[in-house]
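# Structural overview for review
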Amino acid sequence: MALSFLQRGGNLAESAKGLQLAQYVPELVLEGLQTGVDNVRTDVYLSPKLVDITRQHIAKLLARYGDVEELVKEDAFSLAMGQNPAAAGVSRGTFIGAPPLPGATGPRPTGFVGSTASAPAAAARPTGFIGAPQVNPAVMAGRNAGPAKTEPADFKKLMADLLTGSLNRAKADNNINLDLLTRLAVIKMLRAEMTGQFGTLLEKCRTKLKGYDGPRAMNAHKGIELREKFAQFQIQKKIVLRKVGQELFATLREVEKESLSKMRRSLFGEEGNASYELLLNRLLFTDDGKDDYLNAEQYVMLGNFERDPDRFLRMQEVAVGFIKSLGVVPAGPDEEKQIDAMLSVADNTHELFAGGTPDESSPKGKNQKALLDGWVDLLEKESLIDHVLASYEAVPLLAQYSPLINPQQLKNSIINKAERERVTALLEERGKISPEGINNAVKKVEGMKGSDRAKVAGRYFSDFLRYHRDLRRFEAVLSAMDGINVIGSANEKLRELSAINNTLYEFLLAEEQKAGDATVVDHIILKADIRDSTTLTKTLFARGLNPASYFSLNFFDPVNKLLPKYDATKVFIEGDALILALFEREGEQGFGVGKTCMLAKEMVTIVRGYNEQSTKQGLPTLELGLGICFQESAPMYLMDGTHRIMISKALNESDRLSGCSKGARKYLAAGQAKNLFNVYNFQTVEDADTGGIPDEFLVRYNIGGIHINALAFQKLQKEIALKEHLIELPTIWSKEQVRLFTGVVPLGQGIFHKIIVREGLTAFVDLKDFSLKRWTDKKYYEVCVNEALYKHMEKEFPVV
């Protein structure tokens, strides 16, 4: 359809010179995944427990929003009857207040009569339960042994657990597409269960209503009431599904905001962000991406029928024509695609019209005003401006007149007098509802001035672009879901076939996964070295203090409380040293190094806190050095009777990393208070003179610091996303270019801790005065503990 407005395009093109309109094409492509048994789609099997809880949760939501809870609730009678008296072995008697049985004579008895049950059984019935059927207890017991009731919190927790496990698995395989696959499979399952459970509820309602059929039906008035509710449930199917869908969307968004987004940034940084944005889309829980109420509340209200001038395709055509008239896209085969991509960027409205309120004091503002006038002119020429204005005025009326009046009827009644009369008549017929709200909206639209109309037109363009973007995202996600085959628990043969062919992606909850032998595949050793313990002990004895209780209260007891939090194990303990181990097992995605580093940081914090108190009380302070070593294998053990003695290369290396040489300590002690770092390595002997073991000749400084080996740093890089920085900072030799790595470590239950790792170069120094001779290429790594450094780098951490 040609737009007459385009003939004026030349003038607008002049005003559009210099515009920078962005383009956006939503895409969601999963790479590096195997196809399933049909060689087309990817086979996915989701947690049966989650699917079962989801079904129960969706069924409850449908019943609640559809106002049919009374129809689908399973009371004791319906459970026993199974909606089939013959199946339950029950014979009905005559209820008080019911008409007499055919052929019955004499006065109506005051109790239960006509039962085929024996007299003793009848006598045993509780008083007050007049006319109760005799129920087989075994049947009752079987009926009541159904699935446990579910609550919304159960659904949310299980969903969070499954998706957290999916992220861990994706990190273990270094493939974020595994997590995207899980998310898509979950959304596909939710969409299917919404329609599936709606059908199931319909059948339950029909079955329940059969109990109110026939000449002997009980409580005929109640039956009429329930049939009316059932009829409304069917009529309002789309409304009910929309409400359920939006509640599911809200739950997924909460899970994303509360835990998943934080953990994903911790593991993968900013990787995949664009893909995950597609999944936070309200339209995903609609049938076809169109819903009058959702559009009205979140976007713009568009027409539905071919006769509606403001239907989506027509408004898209008008918007495309407007962009074409600006001359910002050269004519050619890709022109339509480029313009469509521009219509998916809502911020383009600000570039075009300043959001509907341009500042005409600047040249750009004058051009934006000309463009906005052109857009309003186009809407008027295409007889659309009234629909645009009415689409916003109808929204606040929905709460008053809907669902009696359809949203489209409501909008059209503001524009069209004949339609308004029909709506008014309908309101009168349904209880003399006042049309005052509609009449006020009509007056507001008719009295709207030019500047206000232009502002609304600008807002409409922005809202339409947001809807256009989300609709394109909806289409991209649907296309991606078409490539996924979610195998249900009822299709066990297909699941088994896919599993034996190694083409099945199973995403299960932790308790559903098969328990293996829990084989340890690697381990991390943390050595804490307490300095000058002999001198400290003598000082305490001299002051009449107990060294054992001092060490226990100030260090060992607080550390012991941390061990369960980090799943750490004590390997060795003596008066001046503590050795801890963390193990990672086969099939687990752990954060062993990250957790060990956080444990070490907490140990440093504990010692600092107690040292502050000890200083105030005039007591000696503790000095600590920590070393962390990762070994990519399980430790070995010797047996001393029933006692296991660990053998691990990491034990020896962590001992060296936690140590501090007297020479380095003497030289650096004076300026350490101003230093941001606590770990340094120095070389004083040429490599050729070390006999092939240069590490043994390194001079180490570690006071209140955490020194980790290179393998631990490499493992940490695999566990979480680390962002690299090169910053000039003060060190022991004035200012230097320091290489830092920042990230966040997930500790579970939505807890994340920040981490900064420094990559240092070993300095070759003169042993006499520690003067710098040159830098070597030997690297060492420190987990930083200085709070001033964390504040300085605050903006560099992922947002969690």
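Residues numbered from 1 in each chain as written. Predicted model: local features only at pLDDT ≥ 70, side-chain atom pairs only at ≥ 80, totals over all residues. Heavy atoms only, no water.

To continue, consider the overall build of the protein. Helix and strand content of the protein: 31 helices and 16 strands. A burial count over the protein gives 48% of its 800 residues as buried. Within the protein, contacts between residues separated by at least 24 positions form 73% of all contacts whose residues are at least 6 apart in sequence. Summed over its atoms, the accessible surface of the protein is roughly 39,900 Å², and 51% of this surface lies on carbon and sulfur atoms. (Helix = DSSP H or I, 4+ residues; strand = E, 2+ residues; numbered from the N terminus. Buried < 20%, exposed > 50% of the residue type's maximum accessible area, 1.4 Å probe, protein only. Contact = heavy atoms within 4.5 Å. Areas by Shrake-Rupley, 256 points an atom, 1.4 Å probe, with all protein chains shown as cover.)

Position of H350 relative to the elements: it lies in helix 16 (residues 348–353). Overall, the relative accessible area of 48% leaves H350 in the partly exposed class. Taking the C-alpha atoms as reference points, H350 and S462, separated by 112 residues in sequence, lie 8.3 Å from one another.

On to the nonpolar core. If you look at the biggest cluster of nonpolar residues, it comprises 178 residues, and the most contacted ones within it are I323, F461, F555, M603 and I708. Tallying contributions element by element places helix 9 (residues 177–210) first for this core, with 15 residues. Discounting residues that sit within four places of it in the chain, F555 has contacts with A528, I530, L578, M603, V607, L622 and L624. L668, L729, W733 and Y780 belong to the second largest nonpolar core, which has 25 residues in total. (Core = buried A, V, L, I, M, F, W, Y, C linked by side-chain atoms within 4.5 Å.)

Here the focus is the sheet that holds strand 1 (residues 42–46). Pairing in this open sheet of 3 strands is parallel, and the strands run 2-1-3 from one edge to the other. Every interior strand has two partners, whereas the edge strands, strand 2 (484–486) and strand 3 (504–507), have only one. In this sheet, neighbouring strand axes are inclined to one another by 30° on average, regardless of whether the strands run parallel or antiparallel. Pairing of strand 1 with strand 2 involves 3 bridges; the strand directions are parallel. What sits directly across from D43, in strand 2, is N485. (Pairing = 2+ DSSP bridges. Axes fitted to C-alpha atoms, helices over the stretch in contact; angles between N-to-C directions.)

Within the secondary structure, N295 sits in helix 13 (residues 292–298). Overall, the relative accessible area of 4% leaves N295 in the buried class. A C-alpha to C-alpha distance of 9.7 Å links N295 and V395, two positions 100 residues apart in sequence.

In total, this model carries 47 salt bridges according to the counting rule given. Close ionic contact of E317 with R314 constitutes a salt bridge, the shortest N to O distance being 3.4 Å. Of this pair, E317 and R314 both sit in helix 14 (residues 312–326), 3 residues apart, which is roughly one turn of the helix. Between D373 and K369 there is a salt bridge, with its nearest N and O atoms 2.9 Å apart. Taken together, the residues span about one helical turn, with D373 and K369 both in helix 17 (residues 363–381) at a distance of 4 residues. Classification of D373 by relative accessible area gives partly exposed; the value is 36%. By sharing partners, the salt bridges in this structure join D67, E70, K222, E225 and K229 into a single network. (Salt bridge = Lys/Arg side-chain N within 4 Å of Asp/Glu carboxyl O.)

As a further point, take the pairing of strand 15 (residues 751–765). Of all 15 residues in strand 15, 11 are buried, a share of seventy percent or more. Summarising the sheet, strand 10 (residues 679–683) and strand 15 pair through 2 bridges and their orientation is parallel. Bridge pairing in strand 15 places F682 opposite A763. As judged from the 9 bridges shared by strand 14 (residues 735–748) and strand 15, these two strands associate in the antiparallel manner. Bridge pairing in strand 15 links T742 to I756. In textbook terms, the turn of a hairpin is the stretch between consecutive antiparallel strands, and for strand 14 and strand 15 this stretch comprises 2 residues, one of which, Q749, has a positive phi near 55°. In this sheet, strand 16 (residues 772–783) lies alongside strand 15 in antiparallel orientation, the contact comprising 8 bridges. In the sheet register, L761 faces strand 16, and the bridge partner there is K779.

Geometry of a packed helix pair, given as the angle between the helix axes and the separation of the axes. Following both chains from N to C, one finds helix 18 (residues 385–393) and helix 23 (residues 450–482) inclined at 80°, their axes separated by 10 Å at the closest point. Taken as axis vectors, helix 18 and helix 23 run roughly perpendicular relative to one another. Contact residues: helix 18 offers I385, D386, V388, L389, S391 and Y392, while helix 23 offers R453, V456, A457, R459, Y460 and D463. The residue makeup of the contact of helix 18 with helix 23, split by class, is 7 nonpolar, 1 polar and 4 charged. (Parallel < 35°, antiparallel > 145°, perpendicular 65-115°, else oblique. Nonpolar A, V, L, I, M, F, W, Y, C, P; charged D, E, K, R; others polar.)

Here we come to a nonpolar patch on the surface. On the surface, a cluster of nonpolar side chains totalling about 360 Å² of accessible area is made up of M636, L638, I645 and I647. Following the sequence through the fold, M636 ends up in strand 8 (residues 636–640). (Patch = residues over 30% accessible without salt bridge, like charges linked within 9 Å, V, L, I, M, F, W, Y side chains within 5 Å.)

Right, let's get into helix 28 (residues 649–658). Taken together, the buried positions of helix 28 are A650, L651, E653, S654, L657 and S658. For helix 28, the secondary structure elements touched by its buried residues are strand 4 (520–530), strand 6 (577–585), strand 7 (624–631), strand 9 (643–647), strand 11 (699–702) and strand 12 (706–708).

Running from N to C, helix 14 and helix 17 cross one another at 140°; their axes reach a closest spacing of 11 Å. As summarised for this structure, helix 14 and helix 17 are arranged oblique, according to the angle between their axes. Crossing of helix 14 against helix 17: the hand is right-handed. Across the interface between the two elements, M315, V318, A319, F322 and L326 from helix 14 touch L371, G374, W375, L378 and L379 from helix 17. A per-class count over the contact of helix 14 with helix 17 returns 9 nonpolar, 1 polar and no charged. (Left-handed = near helix turned anticlockwise from the far one by under 90°.)

Once that is clear, we can look at the environment of G590. Among the secondary structure elements, G590 is positioned in the loop between strand 6 and helix 27 (592–616). C-alpha separation for the pair G590 and L747, spaced 157 residues apart in sequence, amounts to 9.9 Å. Residues contacting G590, with those up to four places away along its chain left out, are E584, K715 and E719.

Right, let's get into unusual backbone geometry. Working note: non-glycine residues mostly have negative phi, and peptide bonds are mostly trans. In the segment running from S402 into P403, the intervening peptide bond is cis, with an omega of 5°. Looking at the secondary structure, you find P403 in the loop between helix 19 (398–401) and helix 20 (407–415). Even without glycine at this site, N174 takes up a positive phi of about 55°. Mapped onto the elements of the fold, N174 is located in the loop between helix 8 (152–172) and helix 9. Assessed through its relative accessible area of 64%, N174 is described here as exposed. The phi dihedral of N502 is positive, around 55°, even though this residue is not glycine. Looking at the element boundaries, N502 is found in the loop between helix 24 (492–500) and strand 3.

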